[in-house]
Amino acid sequence: MAEETVPQGASPAAPPPKPPAAPPAPAADAAPVEQKIKVRKPKQRSCDEKDAKGKLCGGHLKRWYDYPKDVQAKIGNDAEIYRCEFCKTLYKPDPKQLPHSYTLRY
Ligand SMILES: [Zn+2]
């Protein structure tokens, strides 16, 4: 007569409860004015924003490279963006004018 003693109750692999991770603090950027983003019309090279008196701005739209992170969040990574030299309105390129460098072929 042999009595088998099988060890029962191996410790269950229960993951230890994780302490809730602290959420990343929201970027406290105190932007006084909401950045205006327009879309360039085809061939548009100067700003067509009007001031309070209805005067056309006419500033040059310049390619803007060193935009801050909050602007990047709105326009996306590596986005082309132009900025008026006077009123700082942002202009996205006309989507129809983007060069078609990718051809999808299967
Ligand atoms: Zn302008």
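## Focus: the overall build of the chain
A count of helices and strands for the chain gives one helix and four strands. For the chain, the N- to C-terminal ordering of α and β elements is β-β-α-β-β. A burial count over the chain gives 19% of its 106 residues as buried. In the chain, the proportion of contacts linking residues at least 24 apart, taken out of those at least 6 apart, comes to 45%. Summed over all atoms, the accessible surface of the chain reaches about 9,700 Å², with 57% contributed by carbon and sulfur.

## Overview of the packing of aromatic side chains
Each pair of aromatic rings is reported with the distance of its centres and the angle of its planes. Tallying each qualifying case throughout the model produces one aromatic pair. Between Arg40 and the ring centre of Tyr82, over which it is positioned, the NZ or CZ distance is 4.3 Å. Arg83 extends its terminal NZ or CZ atom over the ring of Trp64, reaching a point 4.0 Å from the ring centre.

## Considering the coordination of the zinc ion
The coordination sphere of the zinc ion contains the protein donors Cys47 (SG), Cys57 (SG), Cys84 (SG) and Cys87 (SG), at a distance range of 2.2 to 2.3 Å. Every donor residue of the zinc ion comes from the same chain, spaced as C-x9-C-x26-C-x2-C. Placement of Cys57 in the loop between β1 (37-39) and β2 (61-63) and of Cys87 in the loop between β3 (82-84) and β4 (90-92) is noted, with a sequence separation of 30 residues between them. With relative accessibility at 35%, the residue Cys87 sits in the partly exposed group.

## Regarding the sheet that holds β3
Strand pairing within a sheet occurs via backbone hydrogen bonds; the two strands may be parallel or antiparallel. Ordered by their spatial adjacency, four strands build an open sheet running β1-β4-β3-β2, and the pairing between neighbours is mixed. Since the sheet does not close on itself, it has two edges, and those belong to β1 and β2, each with one partner. Between one strand axis and the next, the sheet turns by 35° as a mean value, whatever way the strands run. Judged from the three bridges that link them, β1 and β4 form a sheet pairing that is parallel. When the sheet's bridge partners are listed, Lys38 is paired in β4 with Tyr91.

## Here we look at unusual backbone geometry
At Lys43, a position not held by glycine, the phi torsion is positive, near 70°. Its place among the elements puts Lys43 in the loop between β1 and β2. Phi at Lys88 takes a positive value of approximately 65°, unusual for a residue other than glycine. Secondary-structure assignment places Lys88 in the loop between β3 and β4.

About the criteria used
Residues numbered from 1 in each chain as written. Predicted model: local features only at pLDDT ≥ 70, side-chain atom pairs only at ≥ 80, totals over all residues. Heavy atoms only, no water. Helix = DSSP H or I, 4+ residues; strand = E, 2+ residues; numbered from the N terminus. Buried < 20%, exposed > 50% of the residue type's maximum accessible area, 1.4 Å probe, protein only. Contact = heavy atoms within 4.5 Å. Areas by Shrake-Rupley, 256 points an atom, 1.4 Å probe, with all protein chains shown as cover. Phe/Tyr/Trp six-rings, centres within 6.5 Å; stacked < 30°, edge-to-face > 60°. Lys NZ or Arg CZ within 6 Å of the ring centre and 35° of its normal. Donors = N, O, S within 2.8 Å, 3.2 Å for Na, K, Ca; no water. Pairing = 2+ DSSP bridges. Axes fitted to C-alpha atoms, helices over the stretch in contact; angles between N-to-C directions.

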